[in-house]
Every structure is written in C-alpha cells, then in structure tokens.
Amino acid sequence: MIETDVLIAGFGPTGATLAALLGQAGVETLVIERDREVYRQPRAAHFDHEIMRVWQKLGVAEKVLPSTRAMHEYEFRNAAGDILLRFDQRGISAPSGWAPSYMFHQPALEEALRRRITDFACVDVRLGVALTSIEKNDASGVEATFTDHDGRKHRVRARFLIGADGGGSVVRRQIDGELFDYGFDEPWLVIDTVVKDEDGLPPFGVQVCDPKRPTTVMPMSPLRRRWEFMLKPDEDAQVMLDDARIAALLKPWVRESQAELVRKAVYRFHGLVAKTWRRDSVLLAGDAAHQMPPFMGQGMCSGIRDADNLAWKLTAVLRGEAGQALLDTYQEEREPHVRTIIETAIHMGRVVCVQDEAAAAQRDAGMIAARPAKGERSSDPLPGLPALAAGCIMKSARAGELFPQAMTAEHAGRRGRLDDLLGEGFWLVTRNGAQPGAWPAAVRHVELGRDVVDETGRLDQWLDATGAPAVLVRPDRYVFGSGSPADLHRAFVAKVKSAT
Ligand SMILES: Cc1cc2nc3c(=O)[nH]c(=O)nc-3n(C[C@H](O)[C@H](O)[C@H](O)COP(=O)(O)OP(=O)(O)OC[C@H]3O[C@@H](n4cnc5c(N)ncnc54)[C@H](O)[C@@H]3O)c2cc1C
C-alpha cells in the first residue's frame with residue numbers, strides 16, 4: 001500500500017497547479033495521470049492577471065511570459081462588421097499588478113508547470129496510470145486503486161484525494177456525480193494554426209456574430225492563432241474536421257501560405273456544475289467540478305483558482321493549523337464565484353450563437369441601439385469577477401476581494417514585487433502604529449510604511465478605502481477582512497484556527 005498525504009487524480013492544469021502549490025508547501029503528494037503526455041488538442045487560450053499571480057507564486061511567471069501576449073481588447077461584431085459589444089482593458093490596473101488578460105499556448109504552460117514540479121522532492125508524479133476506484137472514504141482519509149498500463153493495480157492510502165480528473169471525472173462519479181446543467185449545449189469546431197505573419201488578422205479577440213456561421217477569432221501566443229466555428233444542426237463533426245473543409249472556412253481570414261493548421265477538435269460548449277464538491281476526504285477541482293463555454297476564457301482560470309483555494313486549506317489542515325471544517329468553505333467560496341462566471345459566459349454565448357437570421361437582426365438592432373450614446377469606439381472593461389461573499393472571511397469592508405499587489409515595493413533591504421517580498425502564508429498588514437497583538441507563526445505581520453514601503457501607493461489607497469487600521473490577507477491573496485487587529489484575530493481564531 002502506497003501512503004501519501006494528498007492523492008491528486010489528473011495532471012491537467014488544475015492538478016498540476018495544486019501539486020506545485022502543495023510541493024512548495026512541503027506536503028507529501030502523489031499525482032496520478034492517465035495520459036503520458038500533456039493534452040495536445042486545442043483548449044485554453046486566455047488567462048487573467050490573478051492566474052499570472054499564481055504563476056508568480058510558483059516561480060514560473062517569467063518562464064510563462066515569453067509564450068503569452070497581453071490582450072486588452074475583445075469585440076463582438078455582427079455579420080456586417082458593426083460593433084455590438086466592445087471591451088477595452090487598456091489603462092486598467094488589475095489588482096494583481098499584472099496585465100488584466102493574457103493569451104497563451106496551453107501545452108507550453110503545462111510543460112512549464114510540470115518542469116517546476118520536478119523541483120519538489122515531496123511530489124511524486126506517475127504518468128500513464130488511471131484512478132479506477134475508491135474503496136474507502138471517511139473523515140480519517142481515503143483508500144483508492146489506480147491501474148497502470150500493464151493492467152497492474154496499486155492501492156493508495158491518502159489523507160485527502162482530489163479529483164482533478166477533468167469533465168468525465170471518475171472521482172466525481174464515485175462520490176455523487178450529480179451535475180447541475182445550465183442547458184447550454186452548442187457544438188463548435190476549434191482550429192489552431194501557426195501563422196507566418198499576422199498581416200490582415202485582427203490584433204485582438206473578435207466574436208463574429210454572423211448567423212450563417214458564428215465564428216471566434218483569437219490571437220494566442222505570438223504567431224499562434226485560434227479560430228472557432230459554430231457547427232450547424234445538420235453538420236457532422238467528423239466531416240467538418242476534414243482539412244479541406246477547414247481550409248474553406250479559413251479562406252476568408254488568411255492566405256493559404258500564411259497559416260499552418262496544427263490542431264483541430266470539435267467540442268460541445270456547455271455549462272455544468274457538480275452539486276457536491278466535497279465528500280469526507282474527497283474533493284473535486286477544475287473541470288471535474290465545473291465546465292463552462294469559453295466565451296469568457298475562464299474555464300482553466302477557475303480550476304487554477306480552485307487549486308489556489310484548496311492548497312492553503314489542505315496544508316493548514318495537514319499541519320494541524322486548522323480543523324477540517326475549513327475545507328467546507330472551499331465549495332462555499334468557489335461555487336458562487338464559478339457560477340457567476342458560467343452565467344456571464346452563457347449570456348455571451350447566447351449573443352454569439354444565434355443562427356436564425358431574423359433573431360440575429362433583432363439582436364443587432366437592440367445592441368447597436370444601446371451603443372450610440374457612447375460612440376462607435378467606446379467600450380467597457382470585461383465584466384469583473386466577483387469577490388468572495390461567504391466562507392473563510394470576516395464580514396468587513398472589502399473582505400473577499402483580491403488584495404492588490406504593489407509591483408515595486410521595498411522590504412528588508414530588498415526591492416521587488418510585494419508577493420515575492422512577503423512570501424507565502426497569511427499577512428497581517430497594519431498601519432499608523434496599530435498594535436498587532438499576538439498571532440500564530442503562520443501569520444506574518446508587517447507595518448505599512450515601516451516594514452514595507454509601497455512605491456506605487458496602491459496599498460495605502462486600498463486601505464484608505466476601508467477606513468481600517470489593518471487587513472488580514474489569506475495565502476491565496478484574497479482579503480480575509482479589514483478592521484482592528486483584535487477583531488481580525490477573533491475572527492481568524494473562529495474561522496481558521498478552531499474550525500473543527
Ligand atoms: C475550445 C476550448 C477553449 C477554451 N478556452 C479557455 C480559455 O481561453 N481560458 C480558460 O481559462 N479555459 C479555457 N478552456 C477550458 C480549459 O481548457 C479547461 O477548463 C481546463 O483545461 C481544465 O483543466 P483541468 O485540469 O481541470 O482538466 P483537464 O485539463 O481535462 O485535465 C484532467 C486530466 O485528468 C486526467 N484523467 C482523467 N481521468 C483520469 C483518471 N481516472 N485517473 C487519472 N487521470 C485521469 C486526464 O488525462 C487529464 O490530463 C477552453 C476549453 C475549450 C474546450
């Protein structure tokens with residue numbers, strides 16, 4: 001019997017991020033992955049600033065950056081090219097300090113994450129083996145079986161099992177399996193190309209809301225381009241995957257010699273949420289817990305947020321710094337967050353996926369009429385992501401928001417980004433001489449202006465808006481609460497320390 005603290009089924013972006021975060025915290029982790037290689041079909045193309053902050057925490061941001069490009073604009077146009085919706089993030093200062101949005105190449109990112117994980121001796125990764133059953137699951141832990149490529153079975157005993165095994169999750173089926181279905185279900189052909197040059201191609205993401213062929217055009221990493229074409233009800237997926245058909249679809253967009261087809265797949269875009277994310281010592285994360293259409297570019301991002309949320313809670317429970325009840329706050333925090341995103345993505349999808357000419361004309365007229373007051377080029381930022389409304393937070397000003405990162409700060413004679421300077425764990429940030437009181441070692445206290453000098457002024461501005469002398473920041477950089485250190489301490493003890 002293999003023994004470990006955390007068993008992760010699935011080494012996609014969610015499982016890999018969780019393994020890296022647990023590895024960084026020194027938690028004994030076993031990852032089992034059915035495939036031998038990183039998934040090669042076209043999938044995620046976008047992630048946001050919060051996710052880049054996670055790559056920063058893992059020390060891979062600089063490795064990931066060369067295969068990304070910051071993207072600031074995103075348009076919805078009708079068949080005639082009129083703008084229906086326009087999002088513009090230029091000039092927006094995202095809380096994490098990074099650009100609001102990045103386009104990227106998912107295999108390059110996953111490979112960077114996997115390389116990073118080899119630095120952690122406490123993380124054991126086994127490829128080409130699949131979790132097949134869970135024999136025992138109670139408050140004390142799990143026993144599960146995985147099967148290798150020769151059909152040999154291996155038993156594992158773990159304190160926790162995380163099902164990060166994607167949309168068809170075996171783990172989800174073993175603990176309950178029920179999914180809430182938003183009733184959105186649309187087939188799309190997804191094409192990835194490498195282009196010789198980007199002449200004539202839109203410099204940002206465009207949704208072409210043409211009822212004859214709803215189409216998405218996206219830049220990815222430099223010289224990589226994505227096209228997505230909605231299939232008509234009478235079109236067969238296999239037939240549409242034919243290279244000649246694809247060439248015909250790409251013809252209006254690129255010269256034949258300009259783009260080389262590198263990946264193609266047909267997906268059904270849908271919105272699903274697992275009803276149960278935790279059963280005793282088994283938890284679900286990423287696509288195993290939720291799936292969404294890609295119109296917000298947030299499916300993988302949501303899995304990374306799950307991993308970041310879970311990693312510090314599992315670590316705290318395993319170290320005896322928190323009781324198991326802390327793990328109940330995982331679904332409480334993550335499900336409403338992910339549902340808001342799914343609902344927005346489906347709303348966008350319903351704008352794009354209209355195939356009836358009359359309905360499209362009506363949509364266009366309504367959306368164009370709603371725009372003129374702002375002018376043709378006017379635009380809004382992308383819909384903001386919600387703050388945490390409940391869970392491991394103290395109800396107070398700006399609780400549940402992401403704490404801002406100063407990208408140039410000074411601490412202990414070093415200059416750099418705030419998160420790099422202060423490192424992992426909780427931070428109690430005080431100012432104006434507020435007395436912190438006594439805190440466990442897992443909470444790091446800094447006085448703003450004395451221990452940390454923020455050259456950007458961002459943190460002071462943020463604290464000014466709370467009117468509070470102190471803020472307690474969680475290890476995933478969400479704000480636990482703002483207020484007096486004594487109030488924060490009381491709430492911290494109740495929510496984290498004595499969670500049973
Ligand atoms: C066309 C398209 C575009 C998208 N665009 C975006 C985007 O721009 N931005 C974004 O954030 N998201 C996007 N997404 C979503 C994103 O790709 C997924 O949400 C993300 O890949 C899910 O990651 P995951 O690790 O949770 O699951 P997966 O990537 O599915 O990984 C699960 C892993 O588990 C393994 N596995 C399965 N069963 C077992 C088992 N029994 N035992 C062991 N291992 C097992 C699988 O082999 C797989 O490697 C897009 C998706 C699609 C289809």
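Every value quoted in this text rests on a predicted model; they were computed, and no experiment measured them. (Residues numbered from 1 in each chain as written. Predicted model: local features only at pLDDT ≥ 70, side-chain atom pairs only at ≥ 80, totals over all residues. Heavy atoms only, no water.)

## Focus on the sheet that holds strand β26 (residues 479-483)
Read from one edge to the other, the open sheet built from four strands follows the order β23-β22-β25-β26, with strand pairing classed as mixed. Whereas interior strands pair on both sides, the edge strands pair on one side only; in this sheet they are β23 (443-447) and β26. Averaged over neighbouring strand pairs, the angle between their axes works out to 15° when direction is ignored. Across four bridges, strand β25 (residues 470-473) lies against β26 in antiparallel orientation. Counted as the bridge partner of A470 is G483 from β26. Packed onto the sheet, helix α13 (residues 485-497) meets β22 (426-430), β23, β25 and β26 and runs at close to 150° relative to β26. (Pairing = 2+ DSSP bridges. Helix = DSSP H or I, 4+ residues; strand = E, 2+ residues; numbered from the N terminus. Axes fitted to C-alpha atoms, helices over the stretch in contact; angles between N-to-C directions. Contact = heavy atoms within 4.5 Å.)

## Section: the site of the ligand
With respect to spatial proximity, 32 residues lie near the ligand, and among them T14, E33, R43, H46 and D287 are the closest. Here H46 contributes a backbone N or O atom positioned 2.8 Å from a nitrogen atom of the ligand. Measuring from an oxygen atom of the ligand, one finds a backbone N or O atom of C301 at 3.0 Å. Isolated, the ligand exposes 1,000 Å² of accessible area, and the fraction of that covered by the protein chains is 92%. Among the secondary structure elements, those contributing two or more residues to the shell around the ligand are α1 (13-24), β2 (29-33), β9 (130-138), β16 (259-274) and α8 (299-318). With three residues, α8 is the largest single contributor of residues to the shell around the ligand. Its residues assigned to classes, the shell around the ligand shows 15 nonpolar, ten polar and seven charged. (Near = heavy atom within 4 Å. Polar contact = N/O pair within 3.5 Å; in protein donor to acceptor, adjacent residues only side chain to side chain. Areas by Shrake-Rupley, 256 points an atom, 1.4 Å probe, with all protein chains shown as cover. Nonpolar A, V, L, I, M, F, W, Y, C, P; charged D, E, K, R; others polar.)

## Quick word on the packing of aromatic side chains
A complete count under the given rule lists 17 aromatic pairs for this structure. Ring centres of Y74 and F76 lie 5.2 Å apart, and the angle between their planes is 65°; this geometry places the pair in the edge-to-face category. Among the residues examined, Y74 registers a relative accessible area of 6% and is labelled buried. Consider the rings of F269 and F295, whose centres lie 6.0 Å apart with planes at 85°: the pair is edge-to-face. (Phe/Tyr/Trp six-rings, centres within 6.5 Å; stacked < 30°, edge-to-face > 60°. Buried < 20%, exposed > 50% of the residue type's maximum accessible area, 1.4 Å probe, protein only.)

## Observations regarding unusual backbone geometry
The phi dihedral of L223 falls on the positive side, at around 65°, and the residue is not glycine. By secondary structure assignment, the location of L223 is in the loop between β14 (215-219) and β15 (224-230). The backbone of R477 sits at a positive phi, close to 70°, despite the residue not being glycine.

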